[in-house]
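Here's the letter readout for the chains.
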Amino acid sequence: MGRTLKMKVSATNSALNLLSELQEKYGKKLMFHQSGGCCDGSAPMCFQEGEFPLGDNDVKLGEIGGVPFYMNGDMYEKWKHTDLTIDAVKGIGGMLAVLGTSTKSIENLLEENKSLLNAQIANDNSEGQLVLSGKNNEIEKLSEVLKLNNIRNMKLPVSAPFHCKLMNSATKIMEEEISNLEFQSPKVDIISNVTSEPVNEISEIKKLLISQIEKPVRWREIIANMIVNWCGGRFE
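Scoring rules and cut-offs
Residues numbered from 1 in each chain as written. Predicted model: local features only at pLDDT ≥ 70, side-chain atom pairs only at ≥ 80, totals over all residues. Heavy atoms only, no water. Helix = DSSP H or I, 4+ residues; strand = E, 2+ residues; numbered from the N terminus. Buried < 20%, exposed > 50% of the residue type's maximum accessible area, 1.4 Å probe, protein only. Contact = heavy atoms within 4.5 Å. Areas by Shrake-Rupley, 256 points an atom, 1.4 Å probe, with all protein chains shown as cover. Lys, Arg positive; Asp, Glu negative; His and termini not counted. Charge placed at Lys NZ, Arg CZ, Asp CG, Glu CD. Pairing = 2+ DSSP bridges. Axes fitted to C-alpha atoms, helices over the stretch in contact; angles between N-to-C directions. pLDDT = per-residue confidence, 0-100. Patch = residues over 30% accessible without salt bridge, like charges linked within 9 Å, V, L, I, M, F, W, Y side chains within 5 Å. Salt bridge = Lys/Arg side-chain N within 4 Å of Asp/Glu carboxyl O.

Moving on to the overall build of the protein chain. In terms of regular secondary structure, the protein chain is built from 7 helices and 13 strands. Taking the principal axes of the C-alpha coordinates as reference, the protein chain spans close to 50 × 50 × 30 Å. Taking all 236 residues of the protein chain together, 36% fall into the buried category. Contacts spanning at least 24 positions in sequence make up 65% of the contacts within the protein chain whose residues lie at least 6 apart. Of the accessible surface of the protein chain, which amounts to about 14500 Å², a share of 52% is contributed by carbon and sulfur atoms. A gap of 2 Å separates the mean positions of the 26 positive and 31 negative side-chain charges of the protein chain.

Further remarks concern the sheet that holds strand β10 (residues 129-134). Pairing between the strands of a sheet comes from backbone hydrogen bonds, and it takes one of two forms, parallel or antiparallel. Read from one edge of the open sheet, 4 strands run β9-β10-β8-β11, paired in antiparallel fashion. Pairing within the sheet leaves two strands with one partner each, and these edge strands are β9 (119-126) and β11 (152-156). Shown here is a sheet whose adjacent strand axes are inclined to one another by a mean of 25°, direction ignored. By the bridge criterion, 6 bridges tie β9 to β10 in an arrangement that is antiparallel. Across the sheet, residue I121 finds its bridge partner in β10, namely L132. The strands touched by helix α3 (residues 103-112) within the sheet are β8 (94-99), β9 and β10, with β9 carrying the most contacts at an inclination of about 180°. Those strands touched by helix α4 (residues 136-148) are β8, β9, β10 and β11, and its axis lies near 15° from that of β8.

Counting through the fold element by element, K29 comes out in the loop between α1 (13-26) and β3 (30-34). Considered as a pair, K29 and G50 are 21 residues apart in the sequence and their alpha carbons are 9.0 Å apart. Among all residues touching K29, those that are not within four sequence positions of it are Q48 and E49.

Our focus in this paragraph is the confidence of the model for the protein chain. Residues at a pLDDT of 70 or more form 92% of the protein chain, whose mean pLDDT is 88. Averaged over each element, pLDDT in the protein chain is lowest for strand β1 (residues 3-4) (53) and highest for β10 (96).

Nonpolar side chains collect at one region of the surface, where I223, I227 and V228 lie side by side and expose about 290 Å² of accessible area between them. Mapped onto the elements, V228 comes out in helix α7 (residues 219-230).

Take the pattern of salt bridges next. Close approach of charged atoms allows side chains of opposite charge to pair. Counting across every chain of the model gives 7 salt bridges. Two residues, K147 and E144, come together in a salt bridge whose shortest N-O distance is 3.8 Å. Taken as a pair, K147 and E144 lie in helix α4 at a separation of 3 residues, close to a single helical turn. With a closest N to O distance of 2.7 Å, E221 and R218 form a salt bridge. Under the relative-accessibility criterion, E221 is labelled partly exposed at 24%.

Take a look at the structure:
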């Protein structure tokens, strides 16, 4: 499955060294897939062969270290005129899923421990399901504080602390890229992750696309607002 097309994909020595470590631990038969989705989907993900089901829209770009590298077809169409170099760098942070407690209680806990912990709510998915972001050592401390308060939590296997201030370097890159793009007015309102409200002004859309990198995803509020105000007239 998956189309095979020519595109230059290569890897740095750091990436190849990490790949060798993964092969020693999980076996030689691995695969890469880059989906272009949210958060970790925007970076290549490594699986054991067959663990990730390929679709007809997936494109095989080539191989790195003898391991096949696939990309989502829609993403490929946007990137096909570029070269892709895979690198591996030390992570600056992580994310922690918090279950079974209210958003307000987590906000209060973070405020009470702000002198000890520097973490942010990254995703407000639903009442009782949040994701927090921060530096790795802060996330570990926060996990212990949550356990002491009998609050369920689990470290997520992600490569970066998405949707928090630690992503500032990505914000600067996004700002530069957005400034060079020409936008057309949307035919329907867009619901912003940052505000949970509809937006249709191009200047505001650009601003929100940039700020969402460091701001939490307000999914719970988006759904609540859609049910009350726009149910039946919007698409995700």
